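# Observations on the model geometry
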Amino acid sequence: MNPSFSTDYHQLLTIVKQRVREAQYRALQQVNQQQIQLYWDLGRLIAERQQQHGWGKSIVETLAQDLQKEFAGMSGFSSRNLWYMRDFYLEYSTDELLQPLVAEISWAKHLVIMTKCKSPHERLYYTEQTRRNNWTKAVLAQQIKARAYDNTVLAQQNFAETMPAAQLPAAVLALKDEYTFGFLALTPEHSEYELEQALLGNVRRFLIEMGGDFTFIGNQYRLELEGQEYFVDLLLYHRELQCLVAVELKITEFQPEYAGKMNFYLSLLNEKVKKAHEQPSIGIIICQSKQRTVVEFALRDVSKPIGVATYTLTDTLPAELRPFFPSNEELVQRLDAVTAALQGNATPR
């Protein structure tokens, strides 16, 4: 085999393998859609018959046994799964937010969401995020355990005042109020350097915790102005927003001057690093703790888009912190904002 033929052949092989993988993925999507449609229909039939004839639990048990006999070796027809199909149809068929997403993710992932999330808004969030970020079942379960939805609803930022309306939906979903770094082997007395190095050693899990669509550019990213050097702790890129994301790590409580410093970094990034086709940069300040009122005042007159979050090394919220979170009325407003962001047809506030 001559060199030119070898090069051409390897290019051909790469293209063919890519086409095969794409065909396999489309086939899996179709199989998933067919399975979801089947389960949806079975759930509807069971629910309708029970309503019409007043059938109780025994009919589902009998149906499961007969289906398992008829389709021996075919999984999915246990009585428990038939009940899930019925509940799935009853709960999703009347919800205008959830019904359009029924065929977007696998049945196994639907079960995780349906059994662990009770509110339609929460289910919408995890379904849409699973679809967007191609979360595995394990990653989805971890995100639910880490309260990713709650942290999105509670997130503090000034995006509505500093970003174009077209970017807001994705930006709202890109920030959490609290990040769980339970995968880091750190003691409570760790330094900022130790935190940064531990995150660098777990970049993949760190980017998953950030919520997907982030890519890593570098740490201690150097900026220069008038002969002075400045360093951004972590520099990321958000693919959907098409912008640089500066992340500053603080092991202390949030201080108002952190917002001013981040505003300065974002100005430098926009002037010296951002490419012409990219959107203005965003900043995320991750602190060990924060006073929510202090954050609100610190961001009030800042001109650049900045979010302030906290981090924890565990996945539980201490009871003494619960009173500092928003009231039920505020949560309802933020739920509406997250829903609008997921649907992408309204401007969240």
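A few points on the structure. (Residues numbered from 1 in each chain as written. Predicted model: local features only at pLDDT ≥ 70, side-chain atom pairs only at ≥ 80, totals over all residues. Heavy atoms only, no water.)

## Things to note about helix 11 (residues 203-210)
- Looking at helix 11, one finds that the buried residues are Phe 206, Leu 207, Glu 209 and Met 210. The buried residues of helix 11 occupy an angular sector of 160 degrees when the element is viewed end-on, so they sit on one face. (Buried < 20%, exposed > 50% of the residue type's maximum accessible area, 1.4 Å probe, protein only. Helix = DSSP H or I, 4+ residues; strand = E, 2+ residues; numbered from the N terminus. Arc of directions from axis to C-beta.)

## As for the pattern of salt bridges
- All told, the structure shown has 14 salt bridges when counted by the stated rule.
- Arg 44 is paired through a salt bridge with Glu 48; the nearest N and O atoms lie 3.5 Å apart. Of this pair, Arg 44 and Glu 48 both sit in helix 1 (residues 3-53), four residues apart, which is roughly one turn of that helix.
- Looking at Glu 48, the relative accessible area reads 26%, which means it is partly exposed.
- Across the pair Asp 177 and Arg 292 runs a salt bridge whose closest N-O atoms are separated by 3.1 Å. Taken together, the residues Asp 177 in the loop between helix 9 (168-174) and strand 2 (178-180) and Arg 292 in helix 13 (residues 292-299) connect sequence positions 115 residues apart. Comparing Asp 177 with Arg 292 shows no difference in burial state: the two are buried. (Salt bridge = Lys/Arg side-chain N within 4 Å of Asp/Glu carboxyl O.)

## Quick notes on the nonpolar core
- Among the nonpolar cores identified, the biggest contains 38 residues, and Leu 82, Phe 88, Tyr 92, Trp 107, Ile 113, Tyr 126 and Leu 140 are the most heavily contacted of them.
- Elements with a contribution of two residues or more to this core: helix 1, helix 2 (57-70), helix 3 (79-92), helix 4 (107-116), helix 5 (120-133), helix 6 (137-145) and helix 7 (148-154).
- Non-local contacts of Ile 113, meaning those with residues more than four positions away in its chain, are made with Tyr 92, Ile 105, Arg 123, Tyr 126, Thr 127, Leu 140 and Ile 144.
- If you look at the next biggest cluster of nonpolar residues, it comprises 32 residues, including Ala 155, Leu 184, Leu 241 and Ala 309. (Core = buried A, V, L, I, M, F, W, Y, C linked by side-chain atoms within 4.5 Å. Contact = heavy atoms within 4.5 Å.)

## What about the pairing of strand 3 (residues 214-225)?
- Across ten bridges, the pairing between strand 3 and strand 4 (residues 228-238) is antiparallel. Bridge pairing links Glu 224 to Glu 229 in strand 4.
- Hairpin connection, strand 3 to strand 4: the antiparallel pair is bridged by two residues, and Glu 226 has positive phi, about 50 degrees. (Pairing = 2+ DSSP bridges.)

## Points about a nonpolar patch on the surface
- Together, Tyr 9, Leu 12, Leu 13, Val 16 and Val 20 make up an exposed nonpolar region whose accessible area comes to about 400 Å².
- Positionally, Val 20 belongs in helix 1.
- Looking at Val 20, the relative accessible area reads 42%, which means it is partly exposed. (Patch = residues over 30% accessible without salt bridge, like charges linked within 9 Å, V, L, I, M, F, W, Y side chains within 5 Å. Areas by Shrake-Rupley, 256 points an atom, 1.4 Å probe, with all protein chains shown as cover.)

## Notes on unusual backbone geometry
- For Asn 134, which is not glycine, the phi dihedral falls at a positive 55 degrees.
- Relative to the assigned elements, Asn 134 resides in the loop between helix 5 and helix 6.
- In this structure, Gln 220 takes a positive phi of about 45 degrees despite not being glycine.
- Residue placement: Gln 220 occurs in strand 3.
- Look at Gln 220 and you get partly exposed, because its relative accessible area is 34%.

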